[in-house]
Amino acid sequence: MGNQVHKTDEKLSALEINIKSIEPQKEKFKTLFDLGCCFLCCYRIVGIIPPFEALPIFKDFTETHYQQIFGETRNSKLTTTSNSCCLACLNLLKTENLEKSLLQLIKKKGYQNIDSFGLSITIPPSIILREHCLSLYVSLEPSNIIPIKKILKFTVFQKSKLESALKVPQVEFDQACLSLKIGWNYPNDSQEMSKIETLLPSSKLKRKRKSFKTRLRLQAKENKILNQKLFKQQLKEKDTEKEIEKENENKKENENEKEKEKGKEKEKEEEEKEKDKDKDKDKEEEKEKENMEIENEKKENEKEKEKEREKQIKLEDDFLGNIDPEKQLYGSSCIQNTLKGITKNELGQLCPIPPQPVKDETNIIIFPISKPIYIFGRYLKMSRNIPNAPWYIKGERKGNYSVEEFVSKQLTNLFSGTHSGFVSSGREDIDVRMLGTGRPFILEIIGPKIYKKLISLEEQKQIIDQILQNSEGLVTVKDLGIVDKSHRKKTIKGEGKSKGYRCVVWCKCNFNKQLFTQKLQQLTKNTNGTLLLKQKTPVRVLHRRNLTVRQRAIYEIKIVEQINDNFVVIDLITQGGTYVKEFICGDFGRTNPSFSQIVGCKSEIVQLDVISVN
Amino acid sequence: MEPKSTAERIYKKEIYDQQYVLIHPNNIALIGITEEHPIIKENLEINSISFEIDGINRLNNNVKGIKKKGGRFFQVGDTICELNCSNQKTYKIISPIKGKLIEINELIIDKHHLIKEDNYDTGFISIVQKNIENTTKRRRKNNKNKNQTKN
């Protein structure tokens, strides 16, 4: 009894608050409420800010409340049916259990260790039309309408509620770890907006305009794809069931045939005596067949009903996380501005005033997007047969392996992402090895589900062992770490610095160390030891580069070892961007000065290795 | 044991009547003269080279961009240049393939002896981008013309 007294006290106080706030526009409030709008929408269209503290108690609205507020009994003709929804907001403001569905999503997809989340909400544009028409119907100014997003913030998407449910702070959409796109699926949206979209200015389109037919077709496609996924599962079940049924039917058919044959034989043998009995048998068999068919039909009907029920449950589940809510064609402010310039009579020809009631068919759509992770590292390549990236010639793949695939597969599996992008500072040819310090790269993992701040030493060892195993000891990785987005530009621009090479060179004439060093010193008197080059684009690259002259520098040439009279091993430190193979062989005389010019006879490069990338 | 030079390893050699064409797999070709040309056989000296033929100077060939726009187009049999030799004969150098002229060797303009001495390496004459045959664009054009003539 005591609790009931408290409740009635609370209700009276809430009622009194509402009655006070409605007073300035009581009649218009009543007409809107009788038409079929929900309580909050009536507040919205009239232009009064609703008292949020007193509202959530009004779930069970009975006729006594109606009498107390308005002082009259409700007109029975204008009561709303259970299937219809609010005319103005299409039951958006009545969504419940949002936290449950969010937690369900996070569990279903498998997100872990999330730092923050963010929301972005898109509203079907037919709501703006309906608000406008209702306010004109009641002869109020449509500029006084309170937009629906403000009210959604306080009722459905309350910050404190969501933060306590997900246990993580809410942040802006672009900076959040897990960002959620929320929309609503209103199937009659394009129909209602089709006539007014012709009046909107095409310069403010947010995405490409599609005709009504294509939109229907695309919606049907999306539904097909959804249903295909469901149907595939069901087809597997159906196939097994069909096989079982076929086997049973075949068995029964065989049995029936055998019985028929037996019956026919018996007829032939005993025509006169047992005709009636055979006919009875046939009739019995027919009856059995009919019964079987009826039973099969019943079973099929039951199965279909069960499947439909499962479909509905699964569709609601599939709206969580599988569909991307469509972007609007036009922004809400653009629609409002054009609707201002249209009078009531003109609007009345385009769309019905007041708007028509609709079934409660809108579903909420949630689509998650997770922030990408950037990983820094250095890779080494110990073979002369593996390209950097997968190589395609005229649509066909050449070779089976690539450095990018070895490195990216293991790391995406660690964070369970969908796919990744690989960027390195510079590249090398197929027949050139990468040793020493290694070449820096950045891997961008898209759609990760497990978030971490550090890669521990044990995990690094595991990754390195797995990569070595997969590539048979030819590709490794070093110095892994997690990094910000700003490091991506730095690694790409780092090509202009110095690089170190080691190569094996063959000369036609006998190689003399002293003569070589003397000539080098003559050429580099004025420039303090660096050789200045002028290179035209080499012939092997001319089909995809401009024809220009490039000025490059070589900082150091060292002779490591002389194997033979003709074979020499050389160390080079050059500026980034020099073509080393063309420096040594001369490239038909288009690089000056070249190694062969300094030595005095033809020279060719036999092997090349990259030692350091700075 | 000598390793092969890059010209022998990668480029394909085709000989057209005392001239050679070295083609790279990316369809860029070098043109020059072989050892059976009378300049090398009879050991003649080259006095001058003239690049101006029919009023157009081949040295004014400016090429822009990756697609090499602005290059002069050669059909089979067009002359590239003329060599004036010491025995008062002029030898024409013909382009044996269809293609677009990219560049003429700058070392030849001053040092004429390179054509004789180093005819495969630094004594080449010009670089030409070869036309690709049987691309999808050409197939569609040819089919269009065929259908029009039929109709």
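What counts and how
Residues numbered from 1 in each chain as written. Chains lettered and ligands numbered in written order. Predicted model: local features only at pLDDT ≥ 70, side-chain atom pairs only at ≥ 80, totals over all residues. Heavy atoms only, no water. Phe/Tyr/Trp six-rings, centres within 6.5 Å; stacked < 30°, edge-to-face > 60°. Buried < 20%, exposed > 50% of the residue type's maximum accessible area, 1.4 Å probe, protein only. Helix = DSSP H or I, 4+ residues; strand = E, 2+ residues; numbered from the N terminus. Lys NZ or Arg CZ within 6 Å of the ring centre and 35° of its normal. Arc of directions from axis to C-beta. Contact = heavy atoms within 4.5 Å. Buried area = accessible area lost by both parts, 1.4 Å probe. Salt bridge = Lys/Arg side-chain N within 4 Å of Asp/Glu carboxyl O. Polar contact = N/O pair within 3.5 Å; in protein donor to acceptor, adjacent residues only side chain to side chain. Nonpolar A, V, L, I, M, F, W, Y, C, P; charged D, E, K, R; others polar. Pairing = 2+ DSSP bridges. Axes fitted to C-alpha atoms, helices over the stretch in contact; angles between N-to-C directions. Patch = residues over 30% accessible without salt bridge, like charges linked within 9 Å, V, L, I, M, F, W, Y side chains within 5 Å. Areas by Shrake-Rupley, 256 points an atom, 1.4 Å probe, with all protein chains shown as cover. Lys, Arg positive; Asp, Glu negative; His and termini not counted. Charge placed at Lys NZ, Arg CZ, Asp CG, Glu CD. Domains from an automatic or database assignment. Parallel < 35°, antiparallel > 145°, perpendicular 65-115°, else oblique. Left-handed = near helix turned anticlockwise from the far one by under 90°. Disulfide = S-S within 2.5 Å.

As for the packing of aromatic side chains
Right, on to step 1. By the definition in use, this model includes 10 aromatic pairs over all chains.
Right, on to step 2. Measuring from ring centre to ring centre gives 5.8 Å for Tyr401 of chain A and Phe406 of chain A, while their planes differ by 15°; the resulting arrangement is stacked.
Right, on to step 3. Here Phe406 of chain A falls in the buried class, since its relative accessible area comes to 13%.
Right, on to step 4. Taken together, a centroid distance of 5.9 Å and an interplanar angle of 75° make the contact between Phe588 of chain A and Phe124 of chain B edge-to-face. Placement of Phe588 of chain A in the loop between α18 (580–585) and β14 (591–592) and of Phe124 of chain B in the loop between α4 (114–117) and β11 (126–130) is noted, with the two residues assigned to different chains. Per residue, the accessibility class of Phe588 of chain A equals that of Phe124 of chain B, and both read buried.
Right, on to step 5. By way of ring pairs, the aromatic residues Tyr379, Phe422 and Phe441 of chain A are connected into one cluster.
Right, on to step 6. Over the aromatic face of Tyr392 of chain A sits the side chain of Arg397 of chain A, whose NZ or CZ is 5.9 Å from the ring centroid.

Description of helix α12 (residues 332–340) of chain A
Residues and elements named next belong to chain A.
Right, on to step 1. For α12, the full list of buried residues reads Cys334, Ile335 and Leu339. Seen along its axis, α12 keeps its buried residues to an arc of 130°; they face one direction. In α12, those exposed residues whose orientation departs by more than 90 degrees from the buried face are Asn337 and Lys340.
Right, on to step 2. At its buried positions, α12 is contacted by α6 (126–137), α9 (189–197) and α13 (344–350).

A few points about the interface of chain A and chain B
Right, on to step 1. Chain A puts 17 residues into the contact, and the matching count from chain B is 23 residues.
Right, on to step 2. Between chain A and chain B lies a buried interface of about 1,900 Å² when both sides are counted; carbon and sulfur atoms form 61% of it.
Right, on to step 3. Put simply, chain A and chain B have 3 salt bridges between them.
Right, on to step 4. Counting across the chain A and chain B interface gives 8 residue pairs in polar contact (both at pLDDT 80 or more).
Right, on to step 5. Split by residue class, the side of chain A that touches chain B holds 7 nonpolar, 3 polar and 7 charged.

What about the sheet that holds strand β8 (residues 79–85) of chain B?
Residue and element names in this part refer to chain B.
Right, on to step 1. As summarised here, the arrangement of the 3 strands in space is β4-β8-β9, forming an open sheet in which the pairing is antiparallel. Strands with a single pairing partner mark the edges of an open sheet, and in this sheet they are β4 (46–50) and β9 (90–94). Each adjacent strand pair in this sheet contributes to an overall mean axis angle of 25°, direction not counted.
Right, on to step 2. The pairing of β4 with β8 spans 4 bridges and is classified as antiparallel. Pairing of Ile46 across the sheet is with Cys85, part of β8.

A word on the side chain of His112 of chain B
Residues and elements named next belong to chain B.
Right, on to step 1. Relative to the elements of secondary structure, His112 occurs in the loop between α3 (107–110) and α4.
Right, on to step 2. Among the polar contacts made by the side chain of His112, one reaches the main-chain carbonyl oxygen of Ile108 at a distance of 3.2 Å.
Right, on to step 3. Not counting the four nearest positions on each side in its chain, His112 is found in contact with Ile46, Asn47, Ser48 and Ile49.

Quick look at a positive patch on the surface
Right, on to step 1. There is a patch of like positive charges on the surface, built from Lys149, Lys150, Lys153, Lys206 and Lys327 of chain A.
Right, on to step 2. Structurally, Lys149 of chain A can be placed in helix α7 (residues 148–155).

As for the domain arrangement of chain A
You'll often see interface size given as the accessible area lost when the parts meet.
Residues and elements named next belong to chain A.
Right, on to step 1. Split by domain assignment, chain A resolves into domain 1 (2–70), domain 2 (94–205 + 313–370), domain 3 (373–495) and domain 4 (497–613).
Right, on to step 2. One C-alpha centre belongs to domain 2, the other to domain 3, and the line joining them spans 41 Å.
Right, on to step 3. Facing 8 residues of domain 2, the contacting portion of domain 3 comprises 6 residues.
Right, on to step 4. Buried area between domain 2 and domain 3, summed over both chains or domains, comes out near 640 Å², and the portion from carbon and sulfur atoms is 49%.
Right, on to step 5. Applying the counting criterion to the domain 2 and domain 3 interface returns 0 salt bridges.
Right, on to step 6. Here domain 2 is connected to domain 3 by 5 residue pairs in polar contact (both at pLDDT 80 or more).
Right, on to step 7. For the side of domain 2 that touches domain 3, the class distribution of residues is 2 nonpolar, 4 polar and 2 charged.

Considering the sheet that holds strand β1 (residues 117–121) of chain A
Pairing between the strands of a sheet is mediated by backbone hydrogen bonds and can be parallel or antiparallel.
Residue and element names in this part refer to chain A.
Right, on to step 1. Spatially, the 3 strands line up as an open sheet ordered β1-β2-β3, and their pairing is mixed. Every interior strand has two partners, whereas the edge strands, β1 and β3 (363–370), have only one. On average, each strand axis in the sheet is tilted by 25° relative to the strand beside it, whichever way the strands run.
Right, on to step 2. With 8 bridges joining them, strand β2 (residues 178–185) and β3 adopt antiparallel strand pairing. Paired with Trp184 across the strands is Ile364, a residue of β3.

Remarks on the packing of helix α2 (residues 26–35) of chain A against helix α3 (residues 39–46) of chain A
All names here are of chain A.
Right, on to step 1. For the pair α2 and α3, the least separation of the axes is 9 Å and the interaxial angle reads 135°. Taken together, the axis directions place α2 and α3 in an arrangement best described as oblique. α2 and α3 meet at a crossing whose hand is right-handed. Contacts between α2 and α3 involve Phe29, Leu32 and Phe33 from the first element and Phe39, Cys42, Tyr43, Ile45 and Val46 from the second.

Quick word on the pattern of salt bridges
Residues and elements named next belong to chain A.
Right, on to step 1. Throughout the structure, instances matching the rule amount to 15 salt bridges over all chains.
Right, on to step 2. With a shortest N-O distance of 3.4 Å, Lys581 and Asp431 are connected by a salt bridge. Of the two residues, Lys581 sits in helix α18 while Asp431 sits in the loop between β7 (419–424) and β8 (433–446), which places them 150 residues apart along the sequence.
Right, on to step 3. Classification of Asp431 by relative accessible area gives partly exposed; the value is 37%.
Right, on to step 4. Note that Glu459 and Lys452 form a salt bridge whose closest N and O atoms lie 3.0 Å from each other.
Right, on to step 5. The network of salt bridges with shared partners includes Asp429, Asp431, Arg540, Lys581 and Glu582.

Details of α7 of chain A
It helps to recall that an α-helix has 3.6 residues per turn; residues three or four apart then point in one direction.
All names here are of chain A.
Right, on to step 1. Every buried residue of α7 is listed here: Ile148, Ile151 and Leu152. Buried residues of α7, viewed axially, fall in a sector of 105°; they line one side. Turned more than 90 degrees off the buried face of α7, the exposed positions are Lys150 and Lys153.
Right, on to step 2. In this structure, the buried side of α7 is in contact with α3, α6 and β2.

Overview of the state of the cysteines
All names here are of chain A.
Right, on to step 1. Overall, the coordinates contain 1 disulfide over all chains when judged by the stated rule.
Right, on to step 2. A disulfide bridge connects Cys509 with Cys601, and the sulfur atoms are separated by 2.2 Å. When the S-S torsion is -70°, as for the bridge of Cys509 with Cys601, the disulfide is left-handed. Residue Cys509 is found in the loop between β10 (498–507) and α17 (513–523), and its partner Cys601 is found in the loop between α19 (595–599) and β15 (603–613); the two are separated by 92 residues along the sequence.
Right, on to step 3. Residue classification places Cys509 among the partly exposed residues on the basis of a relative accessible area of 28%.
Right, on to step 4. Residue class for Cys601 comes out buried when judged on its relative accessible area of 16%.

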